[in-house]
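# Working through the structure, step by step
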Amino acid sequence: RDVERSRGLGDVYKRQSDGSAQSMRSGIFWIGLATAFARLADALALIVVAANLSATEFGIATAIKAVQSIMEAGAGTGLGTSVAIVQAPKLSLAGARSAFWYTAAIGLLGAGLLVGAAQPVAWWNNLELSEVSPLLMIAAPRFIFLGAAATPFALMHRRTQFKGIAIVEAVGAASGALTRGGLALAGFGSAAVIAAGTVQAGALMVACFIASRFSPTLSIAWAEVKALARYGLSITGAMLGAVLQ
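In this report, we go over the structure that sits alongside the text. In this numbering scheme, every chain counts its residues from 1 along its sequence in written order. Note on the predicted model: pLDDT of at least 70 is required for a residue's local features to be given, and 80 or more for side-chain atom pairs to be given and counted; whole-chain, interface and lining totals, by contrast, use all residues. With hydrogens and water excluded, all non-hydrogen atoms of the structure serve as input to the side-chain values.

## Looking at the overall build of the protein chain
This is how it is decided: Runs of E in the DSSP output that reach at least two residues are strands. Runs of H or I that reach at least four are helices, and both are numbered from the N terminus. Note on exposure labels: buried denotes an accessible area under 20% of the residue type's maximum, exposed denotes more than 50%, and partly exposed covers the range between, all computed with a 1.4 Å probe on protein chains only. Should any heavy atoms of two residues lie within 4.5 Å, those residues are counted as being in contact. Here the Shrake-Rupley method, with its probe set to 1.4 Å, supplies the accessible areas, and only the displayed protein chains count as covering residues.
Assigned secondary structure in the protein chain consists of 10 helices and zero strands. Walking the protein chain from its N terminus toward its C terminus, one meets helices and strands in the order α-α-α-α-α-α-α-α-α-α. Classification of the 245 residues of the protein chain by burial places 42% in the buried group. Contacts spanning at least 24 positions in sequence make up 84% of the contacts within the protein chain whose residues lie at least 6 apart. On the protein chain, roughly 13000 Å² of surface is accessible, and the fraction owed to carbon and sulfur atoms is 67%.

## A closer look at unusual backbone geometry
In the Ramachandran plot, Leu-79 falls in the positive-phi region, its phi being about 55° despite a non-glycine side chain. With respect to the helices, strands and loops of the structure, Leu-79 is situated in the loop between helix 2 (55–75) and helix 3 (81–87). Judged by relative accessible area, Leu-79 falls into the partly exposed class, the value being 26%. Unlike most non-glycine residues, Thr-160 shows phi in positive territory, near 50°. Residue placement: Thr-160 occurs in the loop between helix 7 (141–158) and helix 8 (162–185). Accessibility expressed as a relative area gives 42% for Thr-160, which makes it partly exposed.

## Notes on the pattern of salt bridges
As a reminder of what qualifies: A side-chain nitrogen of Lys or Arg and a carboxyl oxygen of Asp or Glu constitute a salt bridge if their distance falls within 4 Å.
In the structure shown here, the tally under the stated rule is two salt bridges. Notably, a salt bridge pairs Asp-42 with Arg-180, separated by 3.5 Å at the nearest N-O pair. With Asp-42 in helix 1 (residues 2–52) and Arg-180 in helix 8, the pair connects residues that are 138 residues apart, well separated along the chain. By relative accessible area, Asp-42 is classed as partly exposed at 31%. Here Arg-180 falls in the buried class, since its relative accessible area comes to 18%. Between Glu-72 and Arg-142 there is a salt bridge, and its shortest N-O distance comes to 2.5 Å.

## Details of the packing of helix 2 against helix 10 (residues 222–244)
Applied cut-off: Only the stretch in contact is used when fitting a helix axis, every axis being a line fitted to C-alpha atoms; angles between N-to-C directions are given from 0 to 180 degrees. Roughly parallel refers to an angle under 35 degrees, roughly antiparallel to one over 145, roughly perpendicular to one between 65 and 115, and oblique to any angle outside these ranges. Left-handed describes a crossing in which the near helix is turned anticlockwise from the far one by less than a right angle; the clockwise case is right-handed. Charged means Asp, Glu, Lys or Arg here, nonpolar means Ala, Val, Leu, Ile, Met, Phe, Trp, Tyr, Cys or Pro, and polar covers whatever is left, Gly included.
Running from N to C, helix 2 and helix 10 point in directions that differ by 165°, and their axes come no closer than 9 Å. Comparing their axes, helix 10 and helix 2 come out roughly antiparallel. The hand of the helix 2/helix 10 crossing is right-handed. Touching Ser-69, Ile-70, Ala-73 and Gly-74 of helix 2 are Thr-236, Met-239, Leu-240, Val-243 and Leu-244, all from helix 10. Its residues placed into classes, the contact of helix 2 with helix 10 shows six nonpolar, three polar and no charged.

## Here we look at the nonpolar core
Inclusion rule: Within this scheme, the nonpolar core is defined by two criteria: the residues are buried Ala, Val, Leu, Ile, Met, Phe, Trp, Tyr or Cys, and they are joined through side-chain atoms within 4.5 Å.
Counting 26 residues, the largest nonpolar core has Ile-64, Leu-114, Val-121, Val-132, Leu-135, Leu-136 and Ile-194 as the members making the most contacts within it. Listing elements by their share of this core, those giving two or more residues are helix 2, helix 4 (93–116), helix 5 (118–124), helix 6 (129–139) and helix 9 (190–212). In terms of residue count, helix 2 provides more of this core than any other element does, five residues in total. Setting aside residues no more than four positions away along its own chain, Ile-64 makes contact with Val-121, Val-132, Leu-135, Leu-136 and Ile-194. Within the second largest apolar cluster, 21 residues are counted, among which are Ala-99, Phe-100, Val-168 and Leu-228.

## Some details on the side chain of Ser-190
If you trace the backbone, Ser-190 turns up in helix 9. Beyond its immediate stretch of four places on either side in the chain, Ser-190 contacts Leu-53, Glu-57, Ile-60, Ala-61 and Leu-135.

## Remarks on the packing of aromatic side chains
Under the convention used in this document: Aromatic contacts are taken between Phe, Tyr and Trp rings whose centres are within 6.5 Å, Trp giving its six-membered ring; a plane angle under 30 degrees counts as stacked, one over 60 as edge-to-face, and the others as tilted.
Under the definition given, this model contains five aromatic pairs. Both rings, one in Phe-29 and one in Trp-30, keep their centres 5.3 Å apart while their planes meet at 75°; by these two values the pair is edge-to-face. Members of the aromatic cluster, joined through ring pairs, are Phe-100, Trp-101, Phe-209 and Phe-214.

## Description of helix 10
Let me state the cut-off plainly: Expected helix span is given by 1.5 Å per residue-to-residue step, counting one fewer step than there are residues. The angle between axes fitted to the seven residues ending at a residue and the seven residues starting there is what we call the bend at that residue.
The terminal C-alpha atoms of helix 10 lie 32 Å apart, and with 23 residues this matches the ideal 33 Å at 1.5 Å per residue to within 8%. Remark: the principal bend of helix 10, roughly 35°, maps to Ile-235. Restricting attention to buried positions, one finds in helix 10 the residues Val-225, Leu-228, Ala-229, Gly-232, Ile-235, Thr-236 and Met-239.

Below, the structure is given as structure tokens:
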């Protein structure tokens, strides 16, 4: 009887192992497909941008994107909360819904800080404030969209919804590439590159909510938010360091 029970458990473990391997292969396929699509879309859009923007326009857009990238390492991830959501051993639905407001608030703060950084960015790049300020206003909503998308997107990673993640990333990449290429052809200059990032984040946010079926509520589980925030803050320095490097 013990031998039969042992064999039965062995069969169960084997099925679980086979299922995990199949899930991993499926995940690699879908994420790889989404990454390849995003890279191709970016490359095609870059060709259009390079053909239609002057060196100065391209330089201004690149300078602003550099500042954006540094700030996104913190604000765009809810100060690392999105990583904490994926890795938390236990996370209730109330905790996830509470984390949404935290990451959304950080995104809103990031948007305000970016707009407020117009003068330093202008000084840093030897530009006029009038050249920089409108572009930062176009870029700012990206932080709000990323802050709102951080929690549902992290939940999809936590649940290993690989196909859904791939679709969300593909929607975002396609939206950004079409905006970048279309506005560059229409003669919008630096704004084409900046606006593309904002549209990409907005499309990703909408796709996240649809794919994850996530819906926030007004009740807040402070204990879980504090735990997620503490873990997120502990890794934010490493994330900022990687981007700065």
